[in-house]
Amino acid sequence: MLDVPRLRVLRAVVATGSIRASAEALGYTPSAVSQQLASLQRETGLRLFERVGRGIEPTAAGRTLATESEPLFQALSRVEGVVGDLRAGRVGSLSIGYFGSAGATWLPALVVALRTEFPELRLDLRMTDIVDAEPDIDIFVEYPDTEHSQLVDVHWLIDDPYLAVVRDDDPLAQRAEVPLAELAERSWVDNDIVEGACRQVLLAACAEAGFAPRFVVETHDYPTAIPFVTTGIGITVIPCLGIGNLPTGLRAVPVVSPTPMRRISVAVKKSIAEHPAAERTVELLHALTLEQPYRASPSRAG
């Protein structure tokens, strides 16, 4: 493995063109710089410098090694910045994972608050249901019987019930609630990724009610599925958080017996869990969930 301090000396000598100037810049003696260069040549088995008159000049190999080491020192600089942030109790950057409806509903207010309270914080938002990522903080829907990594702390946020979206002229629109089994003979508009956790929750509830939905149109997101209902082609069943503002002519009716319910949680990497921005993010998410209609209690979350 190459010695990083020796590479630093190499870069300085190539940049200044002088052992003496490099020694002054690095706080070394000229003889110490010469010794470091000699050691690096032995370590690499390369001739990195040639004597020219009373000075030295880098060889092509020396220049190449100095150039190729630049990304290493850029990365080290970033790490040193992170260390400084950690010592000061700051998080220099924070990546937050989210899924579609949580992002649309919670992220704008969350980001504004974090930017106000931590103006130097760099935020990296990642839509994890379409991008494979391991963010510092991840808002997610739990699969049944989820086993969480030992590297994260998981906090329950909300249990999000599903509602049937129907037209105003549908007989169901006048109901306060509708048993899930009554939707068995209806045409459905699919609205989720086939293997997604949200769809699994819905299909499991339908199986409990004794049927499988009859999908006549397949879409993969809630905003696309909802307009199909206005055409009369079918109903769609969507978590409360994903409904938003319904178009004119549509109504959302709570589904019961059973109520499909997706469990939304937030996972925080233990390595940053005690830092102010991470703690504040979790606090803000809990506050935002209190504003949601049909919010389930922790006891109902199981």
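The structure reproduced in this document is the subject of the present report.

What counts, and where the lines are drawn
Counting restarts for each chain, with residues numbered from 1 along the sequence as it is written. Only residues with pLDDT of at least 70 are given local features in this predicted model, and only at 80 or more are side-chain atom pairs given and counted; all residues enter the totals for whole chains, interfaces and linings. Side-chain numbers here rest on the full set of heavy atoms in the structure, without hydrogens or water. The helix count covers DSSP runs of H or I at least four residues long, the strand count covers runs of E at least two residues long, and both are numbered beginning at the N terminus. A pair is scored as a salt bridge if a Lys or Arg side-chain nitrogen falls within 4 Å of a carboxyl oxygen belonging to Asp or Glu. Categorising residues by exposure relies on relative accessible area from a 1.4 Å probe, with only protein chains included: less than 20% of the type maximum marks a residue as buried, more than 50% marks it as exposed, and the intermediate range marks it as partly exposed. When DSSP finds two or more bridges between a pair of strands, those strands are recorded as paired.

Describing unusual backbone geometry
- Backbone torsion omega between Ser257 and Pro258 reads 0 degrees, so that peptide bond is classified as cis.
- Its place among the elements puts Pro258 in the loop between strand E11 (250-256) and strand E12 (261-269).
- Locating Ser257 in the fold gives a position in the loop between E11 and E12.

Some remarks on the pattern of salt bridges
- Within the structure shown, the criterion is met by 12 salt bridges.
- Between Arg262 and Asp160 there is a salt bridge whose closest N-O contact spans 2.9 Å. Of the two residues, Arg262 sits in strand E12 while Asp160 sits in strand E6 (residues 152-167), which places them 102 residues apart along the sequence. Each member of the pair, Arg262 together with Asp160, is buried.
- A salt bridge links Glu182 to Arg175; the nearest nitrogen and oxygen atoms lie 3.1 Å apart.
- With relative accessibility at 30%, the residue Arg175 sits in the partly exposed group.
- Via salt bridges that share partners, Asp3, Arg6 and Glu43 belong to a single interconnected network.

Describing the pairing of strand E8 (residues 187-191)
- Where burial is concerned, most of E8 is hidden: five out of the five residues are buried.
- Residues Ser187, Val189 and Asn191 line one face of E8 and the alternating positions Trp188 and Asp190 line the opposite face, and both faces are buried.
- By the bridge criterion, five bridges tie E8 to strand E9 (residues 214-219) in an arrangement that is parallel. For Asp190, the partnering residue across the bridge sits in E9 and is Glu218.

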